[in-house]
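Chain residues, written in single-letter form:
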Amino acid sequence: MPPVTVVLSLTLLTILLTVSPSIAWRPWPNMKHNSSEYIYGNSKKYEGSSEFVHMKYHMGPVLTANITVHPIWYGTWLKSQKRIIREFINSISAVESKHPSVAGWWKTVQLYTDQTGANISRTVRLGQEKNDRFYSHGKSLTRLSVQSVIKSHVTARSKPLPINPKGGLYLLLTSTDVYVQDFCGQVCGFHYFTFPSIVGYTLPYAWVGNSAKLCPGVCAYPFAVPQYMPGLKAVSVIAHEIAELATNPLVNAWYAGPDPVAPVEIADLCEGIYGTGGGGSYTGQLLDGEDGATYNMNGIRRRFLVQWVWNHVVNYCTGPNALDQ
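Quick summary incoming for the structure in this document. Everything numeric here is computed off the predicted structure, so don't read it as measured data.

Structural notes on the overall build of the protein chain
The helix and strand inventory of the protein chain stands at 6 helices and 19 strands. Taking all 325 residues of the protein chain together, the buried fraction comes to 57%. Looking at the protein chain alone, contacts between residues at least 24 apart form 72% of all its contacts between residues at least 6 apart. As displayed, the protein chain has an accessible area near 13100 Å², and 54% of this comes from carbon and sulfur atoms.

Below, the structure is given as structure tokens:
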């Protein structure tokens, strides 16, 4: 992911604010110019490399309360597509899943704490959902209009999404025919928090786009695979954003690098690493399913390929094997 600085200007009480959502990397290792490379070069791209990485806590809140993910399905989505994403979210807290598991992967995220020493919640559940089948804000969205979409669903007259600033995570998923500002060219997804001036509340949210038509070889979102890695079934962009929202919901908690406008977060530091030995252009040791699909962890009813995240205790990237006991 390139270190893109996108300026969003708002006039609020006559004060000009400039902000930039925290951006997801292109989740495949052959892509150039990722945010962590910008700060650390290629040195950090080896499992266990810690010399140049300085993950720091900046005293902001993390999601210690039980986390509820509220998907907003924007555009046209198949039932089968929704099922995959729902099962991944439900797998995060499914400790009974076969090892290595999604729940074991989440244990690394749980290691992060707030000022009081409270850990990120182990409980992540699927909450109320909304469907936006008729493209309420059109088929071309800006970063600010993404927040307007969220507003329309938390303030809807019929069954609005619950307002939960401490544990709610609002996940906007756009279908293949929707273009979001900088999509495919610079980002596959991003997370930030909503502005009270637009939404009425400060809520952690993420956007991820379905790249199956626009750029299947770049973002390789769950329903498209990169050309050089056949057989993959990935939800890695969604996992990336959920992990970073939990550890840095207001962009003032856990991140590396000197710039809070473009923070390098726990998933950014492990881009392209999916297994032991991963680094450079090598994803690491993966598993092969009976159906020919490559995966690295088990969920409730299916297998997933999910990128590892940075473990600040041992100071390198870890997956489910390290803590999945």
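We are not done yet, so read on.
Structural notes on helix H2 (residues 79–91)
The first and last C-alpha atoms of H2 sit 18 Å apart over 13 residues, in line with the 18 Å expected at 1.5 Å per residue. Taken together, the buried positions of H2 are Gln81, Lys82, Ile85, Glu87, Phe88, Ile89 and Ser91.

Some points on the pairing of strand E5 (residues 67–74)
With respect to burial, E5 is a largely interior element, 8 of its 8 residues being buried. The alternating pattern of E5 places Ile67, Val69, Pro71 and Trp73 and Thr68, His70, Ile72 and Tyr74 on opposite faces, both of which are buried. Here E5 pairs with strand E6 (residues 124–126) via 3 bridges, running parallel. Paired with Thr68 across the bridge in E6 is Arg125. Sheet topology places E5 next to strand E9 (residues 168–174); 7 bridges connect them, and they run parallel. Note on E9: the bridge partner recorded for Ile72 is Leu172. With 3 bridges joining them, E5 and strand E7 (residues 130–132) adopt parallel strand pairing.

So, the nonpolar core
Counting 78 residues, the largest nonpolar core has Ile67, Phe88, Trp105, Trp106, Leu171 and Trp310 as its most contacted members. A total of 7 residues in this core trace back to one element, the largest contributor, which is helix H5 (residues 236–247). Each residue touching Trp105, except ones within four places of it in the same chain, is listed here: Phe88, Ala239, Ala243, Met297, Val306, Gln307, Trp308, Val309 and Pro320.

What about unusual backbone geometry?
For the peptide bond that leads from His99 to Pro100, omega is -10 degrees, which places it in the cis range. Examined against the element boundaries, Pro100 turns out to sit in the loop between H2 and helix H3 (102–110). The residue Met59 is not glycine, and still its phi comes out positive at about 75 degrees. You can see Met59 is positioned in the loop between strand E4 (56–57) and E5. Accessibility expressed as a relative area gives 47% for Met59, which makes it partly exposed.

Looking at the state of the cysteines
Scanning the entire structure with this criterion turns up 2 disulfides. The residue that forms a disulfide with Cys184 is Cys215, at a sulfur-sulfur distance of 1.9 Å. Because the torsion about its S-S bond is -70 degrees, the bridge between Cys184 and Cys215 counts as left-handed. Here Cys184 is found in the loop between strand E10 (179–180) and strand E11 (189–193), whereas its partner Cys215 is found in the loop between strand E12 (204–209) and H5, with 31 residues between them in sequence. As far as the burial class goes, Cys184 and Cys215 line up, both buried. In this model, Cys270 is linked to Cys317 through a disulfide, with the two sulfur atoms separated by 2.1 Å. An S-S torsion of about -100 degrees defines the bridge between Cys270 and Cys317 as left-handed. Here Cys270 is found in the loop between strand E13 (254–255) and strand E14 (287–288), whereas its partner Cys317 is found in strand E19 (residues 316–318), with 47 residues between them in sequence. Both residues of the pair, Cys270 and Cys317, belong to the buried class.

A few points about the pattern of salt bridges
Tallying each qualifying case throughout the model produces 6 salt bridges. The salt bridge involving Arg301 is made with Glu87; its shortest N-O contact spans 3.4 Å. Highlighted residues: Arg301 in the loop between strand E16 (297–298) and strand E17 (303–304) and Glu87 in helix H2, separated in sequence by 214 residues. Overall, the relative accessible area of 8% leaves Glu87 in the buried class. Taking the shortest distance from any N to any O, the salt bridge between Asp182 and Arg143 comes out at 3.1 Å. With Asp182 in the loop between E10 and E11 and Arg143 in helix H4 (residues 143–154), the pair connects residues that are 39 residues apart, well separated along the chain. With respect to class, Asp182 is no different from Arg143; both count as buried. Taken together, the salt bridges that share partners define one network made up of Glu87, Arg301 and Arg302.

What counts and what doesn't
- Residues numbered from 1 in each chain as written.
- Predicted model: local features only at pLDDT ≥ 70, side-chain atom pairs only at ≥ 80, totals over all residues.
- Heavy atoms only, no water.
- Helix = DSSP H or I, 4+ residues; strand = E, 2+ residues; numbered from the N terminus.
- Buried < 20%, exposed > 50% of the residue type's maximum accessible area, 1.4 Å probe, protein only.
- Contact = heavy atoms within 4.5 Å.
- Areas by Shrake-Rupley, 256 points an atom, 1.4 Å probe, with all protein chains shown as cover.
- Expected span 1.5 Å × (residues − 1).
- Pairing = 2+ DSSP bridges.
- Core = buried A, V, L, I, M, F, W, Y, C linked by side-chain atoms within 4.5 Å.
- Disulfide = S-S within 2.5 Å.
- Salt bridge = Lys/Arg side-chain N within 4 Å of Asp/Glu carboxyl O.

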